[in-house]
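# Structural characterization, general
Chain by chain, the residues run as shown.
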Amino acid sequence: MGTAAVDQSLYPLHRCKTIHLVRHAQGIHNVEGEKNHDAYMSEDLFDAQLTPLGWKQVANLRNHVKSCGLSKRIELVIVSPLLRTMQTAAGVFGGEAHADGNKEAPLMTQNVGDSNHPAISSLNSPPFLAVELCREQIGNHPCDKRRTISEYRNMFPAIDFSLIETDEDTWWTPERETREEVTARGLKFLDWLWTRQEKEIAIVTHSSFLFNTLSVFGNDCHPNVKSEIGKHFANCELRSIVLVDRGMIGSDESSTNYPGKIPSGPDLPSDLADDKHSANGSTN
């Protein structure tokens, strides 16, 4: 009898989630930091907003997720609570332009971050949830420090900020978080995802967070697959991956499995039934 190929694997569907990872579009800090790395220390880049080019990248990704049907499948959008990620998330996965008279709160109000961008509707969009665990590498750089949640609620009325415990940014410190600390936080975030019931989730986050979190995965794969998992994200890049729960972190039961024997009947495969028949000393 042949053995299963070592380069293939099977896993129960209900112990998997599909997550669509998105790095934010180009921010003003990306432009200035590429010119001069010391610019990352500038207070002028506090909670950096998207550039005009970044908004074009958002529009292109929005067109892609609509044309490939992804926008209809996503059950939840999780977003890092920083201006550039929430602008990106609202622009890509939100509704159309918000019209006066709509009863639903807009996802983003007009001109957030001096963008001249019209308000974005929450109508026909999935729920949006802000989660601090998927923030960018924390500390030292003002571009990675957030505003108060009170300010964000005025900018993004339909985003749910209820999981964020403090109005002020108590996570940011003058000392930069280490790469190992980012990785540990990323793995904690992935564990937390299993507390969610949604099976298909978009996550809008940051380059360093993605790189350091994903770098620990793929060691049991072909080197090309490992490389595919761990390479750096471009601005507004989307990658879809399957997250597998090997340790039974989650407790969901399958919504598609069917127990059989309804109505009841013989349940032994024919070869096992034959073995059982022979063991009892029976002959044909």
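In this convention, every chain numbers its residues from 1, walking through the sequence in written order. Local features in this predicted model are restricted to residues of pLDDT 70 or higher, and side-chain atom pairs are both shown and tallied only at a pLDDT of 80 or more, whereas totals for entire chains, interfaces and linings draw on every residue. The basis for the side-chain values is all heavy atoms of the structure; hydrogens and waters are excluded.

## Comments concerning the overall build of the chain
Strands are runs of DSSP state E lasting at least two residues, helices are runs of H or I lasting at least four, and both sets are numbered from the N terminus onward. In terms of helices and strands, the chain carries nine helices and six strands. For the C-alpha atoms alone, the extent of the chain along its principal axes is close to 90 × 45 × 35 Å. Between buried and exposed lies partly exposed: a residue is buried under 20% and exposed over 50% of the maximum accessible area for its type, with that area taken using a 1.4 Å probe on protein chains only. With 284 residues in all, the chain has 45% of them scored as buried. Between two residues, a contact is recorded if the distance between any of their heavy atoms is within 4.5 Å. Long-range pairs, those at least 24 residues apart, make up 77% of the contacts in the chain with a sequence separation of at least 6. Counting only carbon and sulfur atoms, one obtains 51% of the accessible surface of the chain, whose full area is about 16000 Å². Charge counting treats Lys and Arg as positive and Asp and Glu as negative, with His and both chain ends excluded. To locate a charge, take atom NZ for lysine, CZ for arginine, CG for aspartate or CD for glutamate. A gap of 3 Å separates the mean positions of the 28 positive and 38 negative side-chain charges of the chain. The Shrake-Rupley method, run with a 1.4 Å probe, gives the accessible areas here. Residue values count only the displayed protein chains as cover.

## Digging into unusual backbone geometry
Following I262, the chain continues to P263 via a peptide bond in cis, the omega torsion being -5°. Structurally, P263 can be placed in the loop between β6 (238-244) and α9 (270-279). Positive phi, normally seen in glycine, also occurs at N116, with a value near 60°. Here N116 lies in the loop between α4 (83-93) and β3 (128-130).

## Details of helix α1 (residues 28-35)
Within the sequence span of α1, burial applies to H29, N30 and G33. Down the axis of α1, the buried side of the element spans an arc of 100°, and every buried residue falls inside it. Against the buried residues of α1 lie β1 (16-23) and α4. Each direction from the helix axis to a C-beta atom contributes to the arc, which is the arc of those directions.

## Some remarks on the nonpolar core
What we call a nonpolar core is a set of buried Ala, Val, Leu, Ile, Met, Phe, Trp, Tyr and Cys residues that are connected through their side-chain atoms within 4.5 Å. Among the nonpolar cores identified, the biggest contains 34 residues, and V77, F93, F156, I159 and F161 are the most heavily contacted of them. Elements supplying a minimum of two residues to this core: α2 (52-67), β2 (76-79), α4, β3, α5 (149-155) and β5 (200-205). The element that contributes the greatest number of residues to this core is α4, accounting for six residues. Setting aside chain neighbours within four positions, we find V77 in contact with A89, F93, P126, P127, F128, L129, A202 and V204. Listed in part, the 21 residues of the second largest apolar core include I19, L21, W194 and F233.

## A few points about the packing of aromatic side chains
Pairing of aromatic rings covers Phe, Tyr and the six-membered ring of Trp, with a centre-to-centre limit of 6.5 Å; geometry is then stacked below 30 degrees between planes, edge-to-face above 60, and tilted otherwise. In the structure shown here, the tally under the stated rule is three aromatic pairs. Look at F189 and F209: their rings are 5.9 Å apart centre to centre, the planes differ by 80°, and that puts the pair in the edge-to-face class. One end of the pair, F189, is in helix α6 (residues 179-193); the other, F209, is in helix α7 (residues 207-214), and 20 residues separate them in sequence. The pair formed by F189 and F209 is uniform in burial state, with each residue classed as buried.

## A closer look at the sheet that holds β1
As summarised here, the arrangement of the six strands in space is β4-β3-β2-β5-β1-β6, forming an open sheet in which the pairing is mixed. The open sheet has two free edges, formed respectively by β4 (159-160) and β6, since each of these has just one partner strand. Two strands pair when backbone bridges link them, and β2 and β5 are joined in this way by four bridges, in the parallel orientation. Considered in β5, the bridge of I78 is made with I203. In this description, strands pair whenever DSSP reports at least two bridges between them.

## Describing the environment of F233
Relative to the elements of secondary structure, F233 occurs in the loop between α8 (223-230) and β6. Along the backbone, F233 and F211 are 22 residues apart, and their C-alpha atoms lie at a distance of 7.6 Å. If sequence neighbours within four positions are ignored, F233 has contacts with L21, R23, S207, L210, L214 and R239.

## Brief notes about the packing of α2 against α4
In helix packing, the relevant descriptors are the interaxial angle and the interaxial distance, both defined with respect to the helix axes. Orientation of α2 relative to α4, taken along the N-to-C sense of each, is 40°, at an axis distance of 8 Å. For the element pair α2 / α4, the angle class is oblique. In the crossing of α2 with α4, the sense of the turn from one axis to the other is right-handed. Residues W55, V58, L61, R62 and V65 of α2 touch α4, and the partners they reach there are Q87, T88, A90, G91, V92 and F93. Gly is placed with the polar residues, together with every amino acid not listed as nonpolar (Ala, Val, Leu, Ile, Met, Phe, Trp, Tyr, Cys and Pro) or charged (Asp, Glu, Lys and Arg). In terms of residue class, the contact of α2 with α4 is made up of seven nonpolar, three polar and one charged. Angular values range over 0 to 180 degrees, each being the angle between N-to-C directions of two axes fitted as lines to C-alpha atoms, with helices fitted over their stretch in contact. Orientation labels follow simple angle bins: below 35 degrees gives roughly parallel, above 145 gives roughly antiparallel, 65 to 115 gives roughly perpendicular, and whatever is left gives oblique. The handedness criterion is simple: a crossing whose near helix is rotated anticlockwise from the far helix by less than a right angle is left-handed, and one whose near helix is rotated clockwise is right-handed.

## Overview of the environment of E165
You can see E165 is positioned in the loop between β4 and α6. Along the chain, E165 and I149 lie 16 residues apart, while their C-alpha atoms are 9.5 Å from each other.

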